[in-house]
Each structure stands twice: as C-alpha cells, then as structure tokens.
2 protein chains.
Amino acid sequence: MNKIGVSIRDVARETGLSTATISRVVNGGSKVSDETRQRVLEACARLDYLPNPAARALSTRRSKAVAAIIPTIEHSVFAKFIAAVERTLGERGYSLIMAIAKADEAEELAAARKLLGMGADALILSGLDHSDLLLEMLERRAVPYVFTSAWDDRSARPTIGYDNALLAERAMQHLADRGHRRVAVVHGPLAESDRTRSRRAGAASVGDRFEHLAFFEAPLDVAGGKACVGAALEDPRDFTAYLCSTDVLALGAYFACAEAGKRIPQDISVMGFDNLDWSRDIVPPLTTIDLPAVGMGEMVAQRIVAYLEDGAPLQNELLTAGIIERGSVADLT
Amino acid sequence: MNKIGVSIRDVARETGLSTATISRVVNGGSKVSDETRQRVLEACARLDYLPNPAARALSTRRSKAVAAIIPTIEHSVFAKFIAAVERTLGERGYSLIMAIAKADEAEELAAARKLLGMGADALILSGLDHSDLLLEMLERRAVPYVFTSAWDDRSARPTIGYDNALLAERAMQHLADRGHRRVAVVHGPLAESDRTRSRRAGAASVGDRFEHLAFFEAPLDVAGGKACVGAALEDPRDFTAYLCSTDVLALGAYFACAEAGKRIPQDISVMGFDNLDWSRDIVPPLTTIDLPAVGMGEMVAQRIVAYLEDGAPLQNELLTAGIIERGSVADLT
DNA sequence: TGTTGAAGTGTAACCGGTTACACCGCACCT
DNA sequence: AGGTGCGGTGTAACCGGTTACACTTCAACA
C-alpha cells in the first residue's frame, strides 16, 4: 500500500532512533522528550511517512474502520444519515466502509461477512429484523453493532432510532384531529422493511377513529407513489387524506393529484414522513414528520467510537421526532 | 479483529496440514489435491475461519479496498453513481471506503490522506480540478486514481465521464431550435465545481443564437432553484425558458412557477440535467439530459479493478448522454 | 556514598497471513 | 539402475507496525 516504501524503520534510520520511539511519537504516545519528538516529526514530514494501516491493524487488532449496511443511499434520508455517520466518524479518526444490501437477509449476511472480512471494527445495521445467522456470527466474534432507524423497548440489542409505530400513530391522530375520517395510508413493500411494518401497525392502531382506513402498498419511489395514489383517487371510499410513509411517496401523491386535477389541500390532503429538503419548498408545503436522520447518524457514530475507545456500553437510545405542520393538510372541522 | 481468534494456524492444526496449504486453498490457489482441499474447506467452515484482512494486506500489500471522495451523496446522481461503484466493486471482491468532501481542496487533500492511511488501493475523485499537492502525492506513492463526472480530451490523467460543456451546449441548441430566444441558465456555485463551470461555458458558447442569455448562480438545492427562478420570473428580460444545470434546481423551478401561477410549458419552459427518477413522473414530465451515472459508476469500478488485478492501464473514457424530450419545453416555432 | 525512582530509549517478540524455496515420492524415460 | 520432472506439501522468512520489558542516566534523598 505504501508504494513509496517509507516505513517506520526508514524514519528510525533517518533519525538515529529506534522504531519504538518513532511509534511512540507518531501515536502521540507518552515518554518522549520534546527534542526527540521534534526531530521525529520533522523526519516524518520530510520523508512523507504514512504508517502502514495493515501493519498497525495487525498488531493492534483494530482497523479504525466502521462498517454500515444500508438498504439504499438513493433516498435522501439514508443519504443524510450515512453522510452524518461518515462525517462524525471522520472527525474522530475513523473511516466508513459501506455496503448496500436490499432487505434480503441472505444478501445482508453476505455483506456483513465481506465487511468483517475487510476488518471492520463495528457494524451499523438498518432496522431490527436480521437473520439469526448474522446476529449469532456477530455475537460469536464479539463484533460491536447497533441497529438504527427503529426502536423497540423490548429489544435487548443496542438500538438507536425512533419509534416508527408511535410516529405513524401521531400522524394519524393529526389527521383525525383535523376531521379526516376517510384516510388511505400509502407505504412501501412490507416484506422489505420492519420499519414499514411498524409504521403501518402504528397507523392501524388508531383505526377506530376512522370511518374508512385503507392501506396501499407501493414501490418505494416517486413513480410508485404516483401510480398508487392515482389509482386510489378513483376509489369509491373517497379518501380525504393520504398518509404517505415516506416523503418520496408523498411527492408521487402530489404528481398524481396534479394529473387528476385535484388541488392540495382543498380537494385532497397529503401528509409525508421524513422531512426531506424539498418538502418545505413544494407547493403547497408538505406537512410531514421530521425524522432526525442527521442527529441519528451523529449519535450512532459517536456511540460506536465511544465504545471502541473507552468501552462505553452501547445502549438503546430513543430519538424524538415531531410533526411539522405546513400547508398540505386541510382542516375539515 | 477476528475476535474469536481462529487463525490460519488453528485450521492447520485441525487438519494436520501446514499454513501454506491452508492459504493455498483459501485463495483458490493451485497445486492442492482435491481431497486436501475438501478437508481444509470443511475445517474452515467448522471453525468459521475468516482470514485476518490486516495480515493478508500486510503481506500482499493489497487491501482490496477502493476509496472514493465525493462532494455529496445527498443528490441522487451521486448516490446512484456511488451505489453502482459499490455494487460493482463488491461483485469483484472489493470494498468501498467513502469520504465526503466539499469542493474545498484542503478538505479533499485531508480526506485523501485519511483514505490512503486506511489502506485504499486506489482513489476515485470527482471532477478535474484538484490540488497539486494531492496529485503529486498520488504520483509519488503510485496510487492509481481516476477522475469522474467530467471529461477533457487534453487531460493526461485518467478520466471517466461525460463532456459537460458539450451537453450543456446541446441543451441550449435544443432550446434555440424550439424558438427560445430569451433564456436563463440556473446553475450551482461556480467556485465549487469545475463541472458547473464547464456546463456554464458550454451554454455560453452558443450565446449568439439568443437575444438574451442570462446566468444565475444559486445554492445547489431545491430551495436555491426555487428562489432563483422565483426572482428571475420578475426579470424584465422575460425569459421564455430556464435551463437548470441540475434536475434538483429544475424541481425548484417548477415550484417557483407554481407559486407564481405560471404554467409549464405554456408560459415557461424548463429543462433539467441529470434525469433523476422523478423527472418522468413530475407534471409536466421534465425534459432533461440523461446522465449515465450508473454506467459511469460501473465503468469506473470495473476499470479500477482491471488495473489492480491485471494492470490494464487506466484510460480516458468518454460516456455519452442524450437529451430526453418530455413535456416541459414548449415549441415556439 | 549508596539507594531509589522516574524519564527516556532500545531490543525483540509478536500480530496472522503469503510465498519462495526446499523437499519428497512416484511415474516415466533411457 | 539412474536420471528427470512434476504434483503435492512443508519450512521459514517476511510484511511493518506495537509494546512488554530491559536498560541507562541522572536527580533526589537517606
């Protein structure tokens, strides 16, 4: 890797010191006289010495790399999350190794093996549902890990995220409070994500406040949301509001309404989930749930580093999220 | 890293063979009898042996990790690109280490040092403009690298991308051909990106076909595009079309038009650049340029692996992109 | 003066793979 | 019988750091 081949022994030779001393200086170690330290640092700079990470990892049994497996980075919530993780790790001298694995458990397991095989010190996983083989492997190898983007108070495994069910329930209450009695919930593929299932369950839990409560499953992209809502607009139940489990689906809903000539919120109310950048710029501005993607990324990275460096135990952390009221939900009361 | 401490010597002991033989089996090496191979593979599975990557990297001087420095992953072109890189590398047994660095050259240099200090075998950079210190360091260490998302036939450095200037020029010709004579170009911060500068230059090169050709610089997000176009709609030059150097800006333009009560394309034409997912779903569908983000990611990864494995030289590669005509540009002729 | 201890430095084993080279047995040839 | 070649395997050096431990010096103190 260090193609120019400047090794610690070269620095030692250059300064007339031993490799032990160079190592101590480079690692900010103790017990080196200021004068020696100066001499070493100068030599390092002169030779452009960069310690060989493999050698270091081999003897310390630490790679200073953290791995994350996420379902996609093409939705900006995930992108924001992963960007925050990367930045926070970077500030602390760690790197991020990333793998993208769809919800398929086998694929996730393979990704985890690959990342561990790259030397990752810890693993960040999305959601709560993972193959037993994976979890068992992590325990056996004593690899620290956290689940993210979700929350479960019964979980014995370290989880940092938000309560999807509760938030979906709150969103439904928000609609009910404003007089909506016929509501459709549009969500992504249930089979692919425990977070989607939580959101749906949370929404269903307050079903008794509604005359009609329908659930529609759509591909998790703008086209999916558009097609789904476009069809639902014809539904005889005549929904007054659409709760989209993702802002991306809500964007599709806007487009469906535009094509059908329905005005938001006068004719149809739409509510999102994520608070993506454009949600306050769209016309009308989207009422949505402000998921703490960035804060979650920072916290995940920070906690993992704290564990790795100081052994601070990884614990469950519940992040809160609020409804951002904007103009896309009509008050029918 | 391998916390359970199953090393190659354990497998050797278990099978009664030497570490050399184990290594040969694990690396699909030659010269091992089928019977021995079976025995070793079984033992590996039984012990759940995972080779220590640091040790392997130390002796082979290869980490099988490729690093990428990108300005953001929060725009889906980059996200798509990086996802394609990750997938393609993964298929070939390589991992992706990622750093996000804004256009700041110092930040990019620091990121590169960090990634190389993590043992990256190669480096993927965005755009053509990079600090001399960085390039010098790469040459000195003989680190293979490629520039992406741009193209320059005069460049002696391996570049895989598309010709931003030419594409912008084509877009302008497209507008001119449809009778637009008063056009505004909305682009991101010039200081931050050579690609933005290329696009602007390309658009400017056909300025003589227009009565008015104005350039506006906006923050590279939906809010930026919306504010910028919102203001430009008041401009006395009365532009008939807006060329946005990014679909994200075009989305902002749509919202600005919606607020101002201007219809697209009847009152105002809008053209984008990227072909993001939603651009065919938006109402009206967006005429844009189909940037080959995924193809570029695949090619970059593939070429880098080919270089690393077989020494196939990294060369310039020009990718083509076409205009996708949809409904957002009026024909005034 | 001898003892103690702290500061500063060096020696060398070790981390866990890879691989050049040596070696063995055996079939095949002359 | 002796030589040649090859398939299959083992030995051990090596990759480039880290760090326990040993050692030297010198100041402080009894």
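Residues numbered from 1 in each chain as written. Chains lettered and ligands numbered in written order. Predicted model: local features only at pLDDT ≥ 70, side-chain atom pairs only at ≥ 80, totals over all residues. Heavy atoms only, no water.

(A) Quick peek at the packing of aromatic side chains. Applying the stated criterion across every chain, the model contains 6 aromatic pairs over all chains. Ring centres of Y145 of chain A and F147 of chain A lie 5.6 Å apart, and the angle between their planes is 35°; this geometry places the pair in the tilted category. An identical accessibility class is assigned to Y145 of chain A and F147 of chain A; each is buried. On the numbers, 6.0 Å between centres and 75° between planes, the contact of F239 of chain B with Y242 of chain B is edge-to-face. One aromatic cluster in this structure is built from F216, F239 and Y242 of chain A. Sitting over the ring of F215 of chain A, R200 of chain A keeps its end group 4.4 Å from the ring centre. (Phe/Tyr/Trp six-rings, centres within 6.5 Å; stacked < 30°, edge-to-face > 60°. Buried < 20%, exposed > 50% of the residue type's maximum accessible area, 1.4 Å probe, protein only. Lys NZ or Arg CZ within 6 Å of the ring centre and 35° of its normal.)

(B) Main features of the environment of I264 of chain A. All names here are of chain A. Within the secondary structure layout, I264 lies in the loop between α11 (247-260) and β9 (269-271). Each C-alpha atom of the pair I264 and V283 lies 8.6 Å from the other, and the pair is 19 residues apart in sequence. Leave out the neighbours within four places in its chain, and I264 touches Y254, C257, V270, P284 and S328. (Helix = DSSP H or I, 4+ residues; strand = E, 2+ residues; numbered from the N terminus. Contact = heavy atoms within 4.5 Å.)

(C) View of the domain arrangement of chain A. Residue and element names in this part refer to chain A. Entries for chain A in the domain assignment read domain 1 (8-59), domain 2 (64-162 + 294-321) and domain 3 (164-290). Computed from C-alpha coordinates alone, the two centres of domain 2 and domain 3 are separated by 29 Å. Each partner contributes to the interface: domain 2 provides 15 residues, whereas domain 3 provides 15 residues. Approximately 1,200 Å² of surface area, both sides summed, lies buried where domain 2 meets domain 3, with 51% of it carried by carbon and sulfur atoms. Area buried by domain 2 at its contact with domain 3 is led by H75, Y162 and A321, which between them contribute 39% of it. Counting every contact that joins domain 2 to domain 3 gives 2 salt bridges. Here D277 makes a salt bridge to K80, at a shortest N to O gap of 2.8 Å. (Domains from an automatic or database assignment. Buried area = accessible area lost by both parts, 1.4 Å probe. Salt bridge = Lys/Arg side-chain N within 4 Å of Asp/Glu carboxyl O.)

(D) Looking closely at a negative patch on the surface. Residue and element names in this part refer to chain A. On the surface, a cluster of negative charge is contributed by D104, E105, E107 and D132. With respect to the element layout, E107 can be found in helix α6 (residues 105-117). Residue classification places E107 among the partly exposed positions, given a relative accessible area of 34%. (Patch = residues over 30% accessible without salt bridge, like charges linked within 9 Å, V, L, I, M, F, W, Y side chains within 5 Å. Areas by Shrake-Rupley, 256 points an atom, 1.4 Å probe, with all protein chains shown as cover. Lys, Arg positive; Asp, Glu negative; His and termini not counted. Charge placed at Lys NZ, Arg CZ, Asp CG, Glu CD.)

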